Every structure is written in C-alpha cells, then in structure tokens.
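Spelled out from the first residue to the last, the chains are:
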Amino acid sequence: MALEHAILVSLRERAGSGYELTRRFDKSIGFFWRATHQQIYRVLKRMLDEGWVTVEHVAQEGRPDKKVYSVSADGRDELARWLAEPGEPVELRTDLAVKIRGAGFGDPAAVVAEVRRHRRVHAERLAAYRAIEAADFPDGPAHTGQTLHQYLVLRGGIAAEEAFVAWCGEVLGAMEPS
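Let me begin by describing the structure that accompanies this report. (Residues numbered from 1 in each chain as written. Predicted model: local features only at pLDDT ≥ 70, side-chain atom pairs only at ≥ 80, totals over all residues. Heavy atoms only, no water.)

### Overview of the pairing of strand β1 (residues 53-60)
The pairing of β1 with strand β2 (residues 63-71) spans seven bridges and is classified as antiparallel. Its bridge partner being in β2, Glu56 is matched across the sheet by Val68. Between β1 and β2, which pair antiparallel in sequence order, lie two residues; one of them, Gly62, sits at a positive phi of approximately 75 degrees. (Pairing = 2+ DSSP bridges. Helix = DSSP H or I, 4+ residues; strand = E, 2+ residues; numbered from the N terminus.)

### So, the side chain of His118
Inspection of the secondary structure assignment puts His118 in helix α6 (residues 108-136). If near-sequence neighbours (up to four positions away) are discounted, His118 is found in contact with Leu96, Phe164 and Cys168. (Contact = heavy atoms within 4.5 Å.)

### Looking at helix α1 (residues 3-13)
Burial of α1 is extensive: eight of the eleven residues sit out of reach of the surface. Within the span of α1, buried status applies to Leu3, Glu4, His5, Ala6, Ile7, Leu8, Ser10 and Leu11. In this structure, the buried side of α1 is in contact with α2 (18-27), α3 (37-50), β1, β2 and α4 (73-84). (Buried < 20%, exposed > 50% of the residue type's maximum accessible area, 1.4 Å probe, protein only.)

### Focus on the environment of Tyr151
Relative to the helices and strands, Tyr151 is located in helix α7 (residues 145-175). Excluding residues within four positions of it along the chain, Tyr151 makes contact with Glu133, Phe137, Gly140 and Pro141.

### Quick notes on the packing of aromatic side chains
A full pass over the atoms with the stated rule returns two aromatic pairs. Measuring from centroid to centroid gives 5.4 Å for Phe137 and Tyr151, while their planes differ by 55 degrees, and the two rings are tilted. Of this pair, Phe137 sits in the loop between α6 and α7 while Tyr151 sits in helix α7, placing them 14 residues apart in sequence. Just as Phe137 is buried, Tyr151 falls in that class too. Here Phe164 and Trp167 contribute two aromatic rings whose centre-to-centre distance is 5.3 Å and whose plane-to-plane angle is 65 degrees, an arrangement assigned as edge-to-face. On the criterion of helical spacing, the pair formed by Phe164 and Trp167 is a turn pair, its members being three residues apart in helix α7. The class for Trp167 is partly exposed, based on a relative accessible area of 26%. (Phe/Tyr/Trp six-rings, centres within 6.5 Å; stacked < 30°, edge-to-face > 60°.)

Set out below in structure tokens:
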C-alpha cells in the first residue's frame, strides 16, 4: 500500500492539515501504517500536484494560514480504484523468526531475551488496542459504516497482537531452561 492511499482514507474520514494528519497517524492509523511528518507533507504535495487533494487556506490569528486538505473527485476515484484492486496476502516476515531459527548458531540466551522483549512490546500494544476498543467501541460490532470499518481494523490488530504474544509465549516455553 502506498502512503497516498492511507492519507486518502484518513482525509475521507475527516479533512485536515498536515499537522492534524500527522497526529492521526500517531494515534490511530499509525498502528497499522506508519509515516513520519516529513513523509506525510512530501506525499501531500505530490497528491496536490496529482489533483487527488485540494487545499483550503484558513486564516489563523498571529500565525501563518493553516492548509486544510480534502480529497478531490480525482482522489475519490483513485481511492475507489485502489480499494477494488486485489492486494497481496499478508506475509509473516519478521527478523525475530529468523533469529529464533538461527538461535543455535549464536547465543540462544540472547535470542530468548529478544523474544521476551518482543512479547513485552506486543503485550503493551495489545493493551493499548484493548483500551481504544473499550473507550471508542463499547458496543462492539453493533456499528455501521465508517465506524464499523474502524472497529473491524482494530479487531484485526487485537487478533494479530494476541497471536504474536501467544507465539512468543510458546517460543519462550520451548527455549527457556526449566
């Protein structure tokens, strides 16, 4: 997926400035697609040149005008085209899996420590996702439209993190000395 499509989805949900987009990527979309503020601003310029977004200059008191981006008709067409396009199935590719496979060629204790670290990080992410679910989706799947779609992506993240934490636990159970 190109960053352009993640930005189009975010702007279809709500118009915003580059700064606001960066904050959204930090808080929600960024859980599933990461981008720096430099990347977002660079891509916004390219999307503006392509005609996929429009910009409205909003006057601010004591500060430069704020640029608020919205998806244009061409951008809506591009997003619809991309949404209908078949994508590649997700592959599990992780350095951790290669390290576990090669543990016997180095220091297995160092690999175990790395698995512990990954399990902790993924458990923290899982807890954050569950907190978002409790705060933003107390009714579970009883949503429709855009809210349902956001909920389903969050549930996918929860399921992926649960599986990764469980796998790390299985690896630790097998590799740690008894």
